[in-house]
Amino acid sequence: MRGRARGAKVPAVKLAHPAAALPCAIGRSPLLLRVLRQVDQIAPTDRAMLILGPSGSGKEVIAQRAHFRGRAGRPFVDVNCGAIPEHLIETELFGCVRGAFTGAVAARPGHFETVGRGTLLLDEIGELPLSLQPALLRVLETRTFRPVGSNEVRRFEGRVIAATHQPLKALVAQGRFRADLYYRLAVFEIALPGLDQRREDIPALADYFASLQPRRLTFAPEAMALLSRHAWPGHARQLRNLVDRLAVLADTSHITAPVLLPFLMQDETAAAAAPLDIADALLRLEGKNKLAAAQQILVDHAMRLCGGNKSAAAALLGVGRKSVERRVKLGAAPPAAQ
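The following paragraphs examine the structure supplied in this document. Keep in mind it's a predicted model, so treat the numbers as computed, not measured.

1. Here we look at the pattern of salt bridges
One pass over the structure, following the stated rule, counts 10 salt bridges. A salt bridge links glutamate 152 to arginine 154; its shortest N-O distance comes to 3.4 Å. For arginine 154, a relative accessible area of 23% corresponds to the partly exposed category. Ionic pairing is found between aspartate 201 and arginine 198, a salt bridge with its closest N-O pair at 2.8 Å. When sorted by exposure, aspartate 201 lands in the same class as arginine 198, which is buried.

Next up, the structure:
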């Protein structure tokens, strides 16, 4: 499936041309085919859809498929909720009238208006601030919205699809996402498998990404076997990035195992770098007991994220509440007590 290149700047909003072709969902694995059947059944409805899946697995492609199966010829607007500054999100989504705030010199339509009868994809919905979640819930419940600074109620006639790599149910338990909004979005919930769950699709994906290159690549059987066994924490996006690098940097367009191995090793080195950097930083902490200091940092941060709620912090850390309580008491004690 198509994905964004690693390290690339993610645009906050992307518009698909109404006449664009049906996006390709590459693969024939049973898990993927089941997802595609579900999407094709759901597509003709106007109910909200929530797509869950790891980052890089192709959630946008699935959303586009649902759009083109149900609302072809109408706008498709992809809004990345994590790429818009918090103070601008409300205006981006709902628009504003002239004079609504300092700098609003003219009325501006928001995405709920410009999408018309099309599809509005709210990508990274888990990043939507709590303060704006009631407004989104109102749109889903009433099919109406108000631009910022206006008393005029406007009709929303499009469809909302939300997507995230975050476990929304866990965010609900932590108080970081509204339960009522979650259930409104998850009328239809699609669980998109990562590449590790559908390894049989890797050869087809690699060939597809290779076909998009200016220099057409081919893979020797032993190279394809290496790709199929390789770990892909970045999923389809990571695989596409690798093929992009091969197309530019490989000495030959026929990729054999010896040609491929250095590129795979670069991927593994990059993936291991971040954890090693964190470990080095933890080992430089003050005090003799580095493990206890690392635990204290994790617990303190989880408690801040969860507003001091020990049960929510325990759920976030994947431990029992008593473990959090014990570490909180230790953190409050004088240094000699540790």
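Further notes follow.
2. What to know about the environment of arginine 237
For arginine 237, the location among the structural elements is in helix α10 (residues 235-249). The spatial distance from the C-alpha of arginine 237 to the C-alpha of serine 57 is 6.8 Å, given a sequence separation of 180 residues. Within the local environment of arginine 237, its side chain forms a polar contact with the side chain of serine 55, the two groups lying 3.2 Å apart.

3. Digging into the pairing of strand β4 (residues 119-123)
Buried residues dominate β4, accounting for five of its five residues. The pairing of strand β3 (residues 76-80) with β4 spans five bridges and is parallel. Among the inter-strand pairings, aspartate 78 is bridged to a residue of β4, identified as leucine 121. Two strands pair when backbone bridges link them, and β4 and strand β7 (residues 159-164) are joined in this way by five bridges, in the parallel orientation. Paired with threonine 119 across the two strands is arginine 159, which belongs to β7.

4. What to know about the packing of aromatic side chains
Per the counting criterion, the structure on display carries six aromatic pairs. Aromatic pair phenylalanine 94 and phenylalanine 112: ring centres 5.3 Å apart, planes at 5 degrees, arrangement stacked. With phenylalanine 94 in helix α3 (residues 86-94) and phenylalanine 112 in helix α4 (residues 111-114), this residue pair connects regions lying 18 residues apart in the sequence. You'll find phenylalanine 94 and phenylalanine 112 in the same group, each marked buried. Each ring, one from phenylalanine 112 and one from phenylalanine 156, has its centre 5.0 Å from the other, and the planes form 85 degrees; the classification is edge-to-face. Residue phenylalanine 112 is found in helix α4, and its partner phenylalanine 156 is found in the loop between β6 (154-155) and β7; the two are separated by 44 residues along the sequence. Residue classification places phenylalanine 112 among the buried positions, given a relative accessible area of 1%. On the basis of relative accessible area, phenylalanine 156 is assigned to the buried category, the value being 1%. Through pairs of rings, three or more aromatic residues link up here, namely Phe94, Phe112, Phe145 and Phe156.

Rules and cut-offs
Residues numbered from 1 in each chain as written. Predicted model: local features only at pLDDT ≥ 70, side-chain atom pairs only at ≥ 80, totals over all residues. Heavy atoms only, no water. Salt bridge = Lys/Arg side-chain N within 4 Å of Asp/Glu carboxyl O. Buried < 20%, exposed > 50% of the residue type's maximum accessible area, 1.4 Å probe, protein only. Helix = DSSP H or I, 4+ residues; strand = E, 2+ residues; numbered from the N terminus. Polar contact = N/O pair within 3.5 Å; in protein donor to acceptor, adjacent residues only side chain to side chain. Pairing = 2+ DSSP bridges. Phe/Tyr/Trp six-rings, centres within 6.5 Å; stacked < 30°, edge-to-face > 60°.

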